[in-house]
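Listed here are the chains, written in short residue letters.
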Amino acid sequence: AGAGASNAVAPEIYPTTVEFFNGIPEEIKTNRLFSRIVEFLEEVLDTPSIDIEHVLWRLEELRQFCSQATNKKELAGWMLLGNRLLDSIGSRNNIGDFLGITETARNRINKLIDDINSRVYELYSKLPTEEQLNNTWSPLLESLEKLGLKVDIVTTNYDLIIESALDKN
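Scoring rules and cut-offs
- Residues numbered from 1 in each chain as written.
- Predicted model: local features only at pLDDT ≥ 70, side-chain atom pairs only at ≥ 80, totals over all residues.
- Heavy atoms only, no water.
- Helix = DSSP H or I, 4+ residues; strand = E, 2+ residues; numbered from the N terminus.
- Rg over C-alpha atoms; globule rule 2.2 N^0.38 Å.
- Buried < 20%, exposed > 50% of the residue type's maximum accessible area, 1.4 Å probe, protein only.
- Expected span 1.5 Å × (residues − 1).
- Contact = heavy atoms within 4.5 Å.
- Polar contact = N/O pair within 3.5 Å; in protein donor to acceptor, adjacent residues only side chain to side chain.
- Core = buried A, V, L, I, M, F, W, Y, C linked by side-chain atoms within 4.5 Å.
- Salt bridge = Lys/Arg side-chain N within 4 Å of Asp/Glu carboxyl O.
- Phe/Tyr/Trp six-rings, centres within 6.5 Å; stacked < 30°, edge-to-face > 60°.
- Lys NZ or Arg CZ within 6 Å of the ring centre and 35° of its normal.

**Student:** How would you sum up the overall build of the protein? Please name residues and give values.
**Tutor:** When you go through the protein residue by residue, the secondary structure sums to 11 helices and zero strands. Starting at the N terminus, the α and β elements of the protein follow one another as α-α-α-α-α-α-α-α-α-α-α. What you see for the protein is a C-alpha radius of gyration of 22 Å, clearly larger than the 15 Å of a compact globule of 169 residues, by over 25%. Oriented by its inertia axes, the alpha-carbon framework of the protein measures out at about 75 × 35 × 30 Å. Counting across all 169 residues of the protein, residues that qualify as buried make up 30%.

Quick look at the structure:
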C-alpha cells in the first residue's frame, strides 16, 4: 500500500508522494544540499517524480561517506586521516581541507535529514478517525477475515492508517 492508499482514506490529511514533494517548505527546497541531491536524482532516476525517500536514502549515503572519511577505524578514514592514501600514490598534497569539509557537510546533512523528518512527522503523524477507517480499510479487512484468507499487507507509508485499521479489527 503506497501513498495513494493513505490519500484515499483522507486526501485532505495524507498527501500523495508528489503532493508531499510539491509541498516541501521553502527552507528545505532552497537548501543547496537538497537541491544538489534532487539534481543528482533527476539525472540518475528513470522516473517522472522523485519520492522524498529517494532524497533521504541519498542523504544517508552521503552522511555515511562523510563519517567513514573521518573515522580512523574505517579503511577510508584510516587512509585519509594518516595521509596514507596520498602517500601511497606518491602525492605531496594535503587532504586536511577535505576532512574539515566532510565534518561540516555531515553536520549540514544531519540538519537537513532532521528538517525533512520533522515535515514527514508533521504531515503523517495524525491518526485516522474511526469513520475514515469504516469507509476504507475496515470493510476490506473484515471481508478478508470472513473469507478466512491469510493476507500479508506491506506499507511503505509513514502514516499509521493500516496499523490503526488492524488494531480496530
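**Student:** Describe helix 5 (residues 52–69), with residues and values.
**Tutor:** Taking 1.5 Å per residue, 18 residues should reach 26 Å; helix 5 reaches 26 Å between its end C-alpha atoms and fits that length. The inward-facing, buried residues of helix 5 abut helix 2 (17–22), helix 4 (32–44), helix 6 (75–81) and helix 8 (96–124). Its side-chain oxygen placed 2.9 Å from the backbone nitrogen of Glu53, Asp51 serves as the N-cap of helix 5.

**Student:** Which residues make up the nonpolar core, and what values go with them?
**Tutor:** Membership of the largest hydrophobic core comes to 30 residues, with the highest contact counts inside it found for Phe21, Phe34, Ile52, Val55, Leu59 and Ile116. Per-element tally for this core: the top contributor is helix 8, with seven residues. Ranked by size, the runner-up nonpolar core spans five residues in total, among them Ala69, Leu80, Leu86 and Leu99.

**Student:** Explain the environment of Leu33 residue by residue, including any values.
**Tutor:** The residue Leu33 is located in helix 4 in this model. Taking the C-alpha atoms as reference, Leu33 lies 8.1 Å from Leu112; in sequence the two are 79 residues apart. Leaving out residues up to four positions away in the same chain, Leu33 has contacts with Leu59, Leu62, Arg108, Ile109 and Leu112.

**Student:** Describe the pattern of salt bridges, with residues and values.
**Tutor:** All told, the structure shown has seven salt bridges when counted by the stated rule. A salt bridge links Asp152 to Lys150; the shortest N-O distance between them is 3.1 Å.

**Student:** Any details on the environment of Val151? Residues and values, ideally.
**Tutor:** Its location among the elements puts Val151 in the loop between helix 10 (137–147) and helix 11 (161–168). The exposure class assigned to Val151 is partly exposed, which follows from its relative accessible area of 40%. The sequence separation of Val151 and Asp114 amounts to 37 residues, and the corresponding C-alpha distance is 35 Å.

**Student:** Describe in detail helix 8, supporting the description with residues and values.
**Tutor:** With 29 residues, helix 8 extends 42 Å between its outermost C-alpha atoms, agreeing within 8% with the 42 Å of an ideal straight helix rising 1.5 Å per residue. Residues Leu99, Thr102, Ile109, Leu112, Ile113, Ile116, Arg119, Val120, Leu123 and Tyr124 constitute the buried set of helix 8. Residues of helix 8 that are buried in the fold lie against helix 2, helix 3 (26–29), helix 4, helix 5 and helix 6.

**Student:** Which residues make up the packing of aromatic side chains, and what are the values?
**Tutor:** Within this structure, the stated rule accounts for four aromatic pairs. Centroid distance Tyr124 to Tyr158: 6.1 Å. Interplanar angle 35°. Geometry classified as tilted. Taken together, the positions of Tyr124 in helix 8 and Tyr158 in the loop between helix 10 and helix 11 put the pair 34 residues apart, joining distant regions of the chain. On the accessibility criterion, Tyr124 (9% relative accessible area) is buried. Grouped by ring-pair contacts, the aromatic residues Phe20, Tyr124 and Tyr158 constitute a single cluster. Above the face of the Trp78 ring, Arg84 is positioned so that its terminal group lies 3.9 Å from the ring centre.

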